[in-house]
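Examination of the molecular architecture
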Amino acid sequence: MNQGTVLRGRMKERGLVRLMAAHSPLSAILVQEAGFEGVWASGFELSALYGLPDNGLLTMTQHLEMVRAMVARISLPIIADIDTGFGNASNVIHAIEEYERAGAAGVVMEDKTFPKTTSLAGGGRHDLVEAAEFQGKVEAAIAARKDPGFMVIARTEALIAGLGEAEALKRAKAYEAAGADLMFVHSKAKDPGEIESFVRRWDGAIPLVLVPTAFPEMNEQRIRQSGKVGMVIYGNHGIRASVTAMRSVFRQVAEEGGIHGVQDRIASVDEIFRLQRMEERGKIAEPFLRGGG
Ligand code: SPV
Ligand code: MG
């Protein structure tokens, strides 16, 4: 079954599905083991992994390759963050074909101009394309998918760009009319009020998607209350957790002049072997190994 269909099924069952960000197959494995319903192949996380800002610097190929590598290691549905769709409707068609073929469950595409500015940065230029142009891109995505289960999630950055709630609602309705399966509305307001107000006024038929990074007090219990949100994405907690953990361990080793003090607070080598499924893979190859090879 198509992975998008799997995720749609989980959403129906649970009301709300939870996606955690990953930037590598290993982090995706950890997302799966933690019990989330899906993986968010975040552009922000992958950019950070390369030590670059999330401003459209990575290519589609780089992101797609990472999605392929994740798909090969987990069974959980993966929603790919394709930013602005890498260009116009023609680029979107190509991207959808590639991401669907790669095994993604769907994509999120946002209504910014290319190159976009990362959403959570203070200030920055947040220019949006005309709603009609973005409708064309959503329609192109829908037309390009082979399996109707593949999810096309439209994302408006109207609140991020400071254009106000009326514009955000207008755009969201336009993208729903273009055929989007879900509507992601992003906000970087420190208070959940902005998003909660949008959610209250949303009268569309498709579920909403939220990323509560800027307003963490909006937990799942609170998100569920409206009955209008089908997906919550934890956008960058994988890369942030890894930075905190690595920094702390690296500093301790540097300060203490050895690794003796960190042994008990990091994963064991055996644990990494387990995550690599080393034993299993060794057994698979064993009958075929001949001679000294
Ligand atoms: C990402 O994780 O790449 C996102 C979410 O698009 S955010 O960074 O909050 O814009
Ligand atoms: Mg992104």
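Preceding this paragraph is the structure being described.
Scope of this entry: the structure provided in the associated data block.

The rules behind the values
- Residues numbered from 1 in each chain as written.
- Chains lettered and ligands numbered in written order.
- Predicted model: local features only at pLDDT ≥ 70, side-chain atom pairs only at ≥ 80, totals over all residues.
- Heavy atoms only, no water.
- Buried < 20%, exposed > 50% of the residue type's maximum accessible area, 1.4 Å probe, protein only.
- Helix = DSSP H or I, 4+ residues; strand = E, 2+ residues; numbered from the N terminus.
- Axes fitted to C-alpha atoms, helices over the stretch in contact; angles between N-to-C directions.
- Left-handed = near helix turned anticlockwise from the far one by under 90°.
- Contact = heavy atoms within 4.5 Å.
- Nonpolar A, V, L, I, M, F, W, Y, C, P; charged D, E, K, R; others polar.

1. Some thoughts on unusual backbone geometry
- For the bond from Phe114 to Pro115, the omega torsion is -5 degrees, close enough to zero to count as cis.
- For Phe86, which is not glycine, the phi torsion reads 65 degrees and is therefore positive.
- For Phe86, a relative accessible area of 22% corresponds to the partly exposed category.
- For Arg277, which is not a glycine, the phi torsion comes out positive at approximately 50 degrees.
- In this structure, Arg277 sits in the loop between helix H11 (269-275) and helix H12 (278-285).
- Look at Arg277 and you get partly exposed, because its relative accessible area is 43%.

2. Some details on the packing of helix H6 (residues 131-144) against helix H7 (residues 165-177)
- For the pair H6 and H7, the least separation of the axes is 9 Å and the interaxial angle reads 30 degrees. Our pair here, H6 against H7, has a crossing hand that is right-handed. Contacts between H6 and H7 involve Ala131, Phe134, Gln135 and Val138 from the former and Arg171, Ala174, Tyr175 and Ala177 from the latter.
- Looking at side-chain class alone, the contact of H6 with H7 contains six nonpolar, one polar and one charged residues.

None of this, on its own, says anything about what the molecule does.
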